[in-house]
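Here's the letter readout for the chains.
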Amino acid sequence: MNNDIIKNLSKFAFVMSVLGVCTLGICPAFGIMGIAVGIVFRNKGVRLDEKQSKQIRLSFILGAVSLVLFVVDIVLAYIFLV
């Protein structure tokens, strides 16, 4: 597989996860995209170098934080609107 594509996809996953956290979880799609790239890489058996592996690991963590923030947003909206 073309290594340039792998590099761009890992950078994409990292940026999407960071955007998910920066928007405080309002759009969970950012976090999900960051997590999905790592899952696809793992399922396809893609070999990553150290920097790409670190980006994918961080995108998993930040994507999970983004999804937790989404749940917090929903709970806060329910509390203040009901």
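Structure report, in brief.

What counts, and at which threshold
Residues numbered from 1 in each chain as written. Predicted model: local features only at pLDDT ≥ 70, side-chain atom pairs only at ≥ 80, totals over all residues. Heavy atoms only, no water. Helix = DSSP H or I, 4+ residues; strand = E, 2+ residues; numbered from the N terminus. Expected span 1.5 Å × (residues − 1). Buried < 20%, exposed > 50% of the residue type's maximum accessible area, 1.4 Å probe, protein only. Arc of directions from axis to C-beta. Contact = heavy atoms within 4.5 Å. Axes fitted to C-alpha atoms, helices over the stretch in contact; angles between N-to-C directions. Parallel < 35°, antiparallel > 145°, perpendicular 65-115°, else oblique. Left-handed = near helix turned anticlockwise from the far one by under 90°.

1. Describing helix 1 (residues 3-22)
Right, so step 1: Along its 20 residues, helix 1 runs 29 Å from first to last C-alpha, staying within 8% of the 28 Å computed at 1.5 Å per residue.
Right, so step 2: Of the residues making up helix 1, those classed as buried are I6, S10, A13, M16, S17 and G20. Buried residues of helix 1, viewed axially, fall in a sector of 125°; they line one side.
Right, so step 3: Summarising the contacts, the buried residues of helix 1 are in contact with helix 2 (28-44) and helix 3 (50-81).
Right, so step 4: Two residues or fewer past helix 1, L24 is found with a positive phi of approximately 60°.

2. Considering the packing of helix 1 against helix 3
Right, so step 1: Orientation of helix 1 relative to helix 3, taken along the N-to-C sense of each, is 30°, at an axis distance of 8 Å. Compared by their axis directions, helix 1 and helix 3 come out roughly parallel. Taken as a pair, helix 1 and helix 3 cross one another with a handedness that is left-handed. Here helix 1 contributes N3, I6, K7, S10, K11, A13, F14, S17, V18, G20 and V21 to the contact with helix 3, which in turn contributes Q52, Q55, I56, L58, S59, L62, G63, V65, S66 and L69.

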